[in-house]
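Examining the three-dimensional arrangement
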Amino acid sequence: MQSKKAKIILLIVFAISVFFFSSDFGLIDVEKTAIITAIAVDKDNNDYEVTAQIAVPEATDTNSENLKTQITGKASTIGGAIKNLGDFSGWFPKLAFCNLILIGENLTDDNVIDVLDYFAKSLRVQDSALVAMTEGKAGELISKATPLDNISAFALQKIMLKNIGFDADIASTDIKTFCQGHYSINGSAFMPIVKDVKSSEDNPQSNSGGQSSGGSGSSNQSGGSSKKEDNNNLFDARTTALFLNGKKVGELSPELTQTYNALFSAFEGTTFPVDNVTFNGQNTNYLLSVVDCMPKVKLHATENDLTLKIQLNMYCKVSDHSASGSSEALSQNMPIPDRVKEKAEQFFAKNIEELVMTEKQTGCDFMDIKQKLYRFNHKQYSRYKDNYLSVLKTDISVSVYGQK
């Protein structure tokens, strides 16, 4: 009996030892670990310039603010640049919490998949990490702060990952989705373009801390310092960049991005304006809120033609309007006037037609028409696979209705 108890105790000790010694506690030391929240990639001549944003929790009696730090590394490969982050800082770059990859504008002339392939194939970065292009250098944008969040990565994730109830005005994508589109039969993908928008022009810019550099690595730190930080920035990601075979070939305006989301994403809770509706010689502006959105996008292929049939039905309500002296101005259940419905239907029908025209002009099949041809009209695939955009016809139907 005692021998059996001893064996059980030894087995428990052995199991605990396995769990303890098999961990990477020797490598992942809290004081030597850089928790990277976002990575920005730019091109500097023939080298990749990788800037990592690191959340540095530090609270004392005199400072209760979380610090942020940017570290930059350069190398001829993405992996080498990330390795330099640790070599020149003494911190191990841990990418498990990295939820945002920013691609600089100067990289979009080349094949961006050369950059994203590393993150897609690396087990250190999760496939759900968001991907976005920046206007200008990504390393400069990631160093900016907003009035509500000192860490730009968190602020960008909030506007790119919106719950139902917010406006669906951003076509967000992640590493997995972008690579799937790139390696699909149409070779097309997209990502949002992040722009820096000043919240106030009368607040002067200032440096956010000291900088130091050495070799191919550099770092700068901000927060909790005596210098005033420039946190007078807001981010706009409503414009969408279109990619064909990894190269940027066009853009979708904010209006077209919102229409794309109406067809292919959750659209409930989104608001859109209907302006200059004339009643009795007076122009009135309306703001409609989408209660329910029911899109249908189908491709019909025959020996004679190829038709993309798009049907969009939206149940909306009036959120606000500028009519003066209206007896229904304070009503919570105001019916949508017929003229407002007609103008809203014309607005979305025109934008849908522009989406198709953008596909034809850029060659970027962001609506996955070729995949629909291959999957659901395979008998006609060989007939239209090389010229499907040039012969494509559209049949668009938009219906906007509300309570009566």
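The next subject is the overall build of the protein chain. Across its full length, the protein chain holds 11 helices and 16 strands. For the protein chain, the proportion of its 404 residues judged to be buried stands at 44%. Summed over its atoms, the accessible surface of the protein chain is roughly 21400 Å², and 50% of this surface lies on carbon and sulfur atoms.

This paragraph deals with a nonpolar patch on the surface. A grouping of Ile8, Ile12 and Ile16 is seen on the molecular surface, where their side chains present a nonpolar patch of about 290 Å² in accessible area. Counting through the fold element by element, Ile16 comes out in helix α1 (residues 2–21).

Moving on: the pairing of strand β15 (residues 306–321). Note: strand β14 (residues 282–301) against β15, 15 bridges, orientation antiparallel. Bridge pairing links Tyr286 to His321 in β15. Where β14 folds back onto β15 in an antiparallel hairpin, the turn is made up of 4 residues. Across 10 bridges, β15 lies against strand β16 (residues 392–401) in parallel orientation. Residue pairing in the sheet places Leu306 in a bridge with Leu392 of β16.

Attention now goes to the side chain of Thr240. Its place among the elements puts Thr240 in strand β11 (residues 233–244). Assessed through its relative accessible area of 1%, Thr240 is described here as buried. Polar contacts involving the side chain of Thr240 include one to the side chain of Thr257, which spans 2.9 Å. When sequence neighbours within four positions are dropped, the list of residues in contact with Thr240 reads Ala171, Phe190, Met191, Pro192, Ile193, Gly250, Glu251, Leu252 and Thr257.

Our next topic: a negative patch on the surface. Side chains of Glu105, Asp109, Asp110, Asp114 and Glu135 sit close together on the surface and give a patch of like negative charge. Considering the arrangement of structural elements, one finds Glu105 in the loop between β5 (100–103) and α3 (113–121). What makes Glu105 partly exposed here is its relative accessible area of 37%.

For the structure shown, the criterion picks out 0 disulfides. Free of any disulfide, Cys293 has its nearest cysteine sulfur in Cys316, 8.1 Å distant. Exposure remark for Cys293: the relative accessible area of 10% places this residue in the buried category.

For the protein chain, the average pLDDT comes to 83, and 81% of its residues sit at 70 or higher. Scored below 50 in pLDDT, residues 24–28 makes 5 contacts in the model with residues more than four places away or belonging to other chains. Of the regions scoring below 50 in pLDDT, residues 200–229 engages in 57 contacts with residues more than four places distant in sequence or in other chains.

Relative to each other, helix α7 (residues 254–264) and helix α8 (residues 338–362) sit at 95°, their axes nearing to 9 Å. If you check the angle between α7 and α8, you find them roughly perpendicular. For the pair formed by α7 and α8, the contact residues are Glu255, Leu256, Thr259, Tyr260, Ala262 and Leu263 on the first element and Phe347, Phe348, Asn351, Ile352, Glu354, Leu355 and Thr358 on the second. Its residues assigned to classes, the contact of α7 with α8 shows 8 nonpolar, 3 polar and 2 charged.

Now for helix α2 (residues 78–89). The first and last C-alpha atoms of α2 sit 17 Å apart over 12 residues, in line with the 16 Å expected at 1.5 Å per residue. For α2, every residue scored as buried is listed here: Ile78, Ala81, Ile82, Asn84, Leu85 and Gly86. Trailing α2 by a residue or two, Gly90 shows a phi angle of about 80°, which is positive.

What the 4 strands build is an open sheet, ordered β13-β14-β15-β16; its pairing is mixed. Each edge of the open sheet carries a strand with a single partner, namely β13 (271–279) and β16. Going from strand to strand, the sheet's axes swing by 35° on average, the running direction of each strand aside. Both β13 and β14 contribute to a ladder of 7 bridges, which runs antiparallel. Paired with Val277 across the strands is Thr284, a residue of β14. Packing against the sheet, α7 makes contact with β13, β14 and β15, and its axis sits at approximately 50° to β14. Here helix α9 (residues 369–376) sits on the sheet and contacts β14, β15 and β16; the angle it forms with β14, its principal contact strand, is near 35°.

Residue position: Asp42 is located in strand β1 (residues 33–44). Look at Asp42: it is buried, it has no salt bridge, and the nearest opposite charge is Lys137 at 5.0 Å. Among the polar contacts listed, one links the side chain of Asp42 to the backbone nitrogen of Ala138, at a separation of 2.8 Å.

Bringing the packing of aromatic side chains into the picture now. Throughout the structure, instances matching the rule amount to 10 aromatic pairs. A ring pair is formed by Phe267 and Phe348, whose centres lie 6.5 Å apart and whose planes are at 85°; its orientation type is edge-to-face. In this pair, Phe267 sits in the loop between α7 and β13 while Phe348 sits in helix α8, placing the two residues 81 residues apart along the sequence. Assigned by exposure class, Phe267 and Phe348 land together as buried.

Counting 47 residues, the largest nonpolar core has Phe272, Leu288, Leu308, Leu312, Met314, Phe366 and Met367 as its most contacted members. Ignoring anything within four residues of it in the chain, the contact list for Phe366 reads Ser188, Phe190, Leu242, Leu252, Tyr260, Leu355, Thr358 and Glu359.

What counts as what
Residues numbered from 1 in each chain as written. Predicted model: local features only at pLDDT ≥ 70, side-chain atom pairs only at ≥ 80, totals over all residues. Heavy atoms only, no water. Helix = DSSP H or I, 4+ residues; strand = E, 2+ residues; numbered from the N terminus. Buried < 20%, exposed > 50% of the residue type's maximum accessible area, 1.4 Å probe, protein only. Areas by Shrake-Rupley, 256 points an atom, 1.4 Å probe, with all protein chains shown as cover. Patch = residues over 30% accessible without salt bridge, like charges linked within 9 Å, V, L, I, M, F, W, Y side chains within 5 Å. Salt bridge = Lys/Arg side-chain N within 4 Å of Asp/Glu carboxyl O. Pairing = 2+ DSSP bridges. Polar contact = N/O pair within 3.5 Å; in protein donor to acceptor, adjacent residues only side chain to side chain. Contact = heavy atoms within 4.5 Å. Lys, Arg positive; Asp, Glu negative; His and termini not counted. Charge placed at Lys NZ, Arg CZ, Asp CG, Glu CD. Disulfide = S-S within 2.5 Å. pLDDT = per-residue confidence, 0-100. Axes fitted to C-alpha atoms, helices over the stretch in contact; angles between N-to-C directions. Parallel < 35°, antiparallel > 145°, perpendicular 65-115°, else oblique. Nonpolar A, V, L, I, M, F, W, Y, C, P; charged D, E, K, R; others polar. Expected span 1.5 Å × (residues − 1). Phe/Tyr/Trp six-rings, centres within 6.5 Å; stacked < 30°, edge-to-face > 60°. Core = buried A, V, L, I, M, F, W, Y, C linked by side-chain atoms within 4.5 Å.

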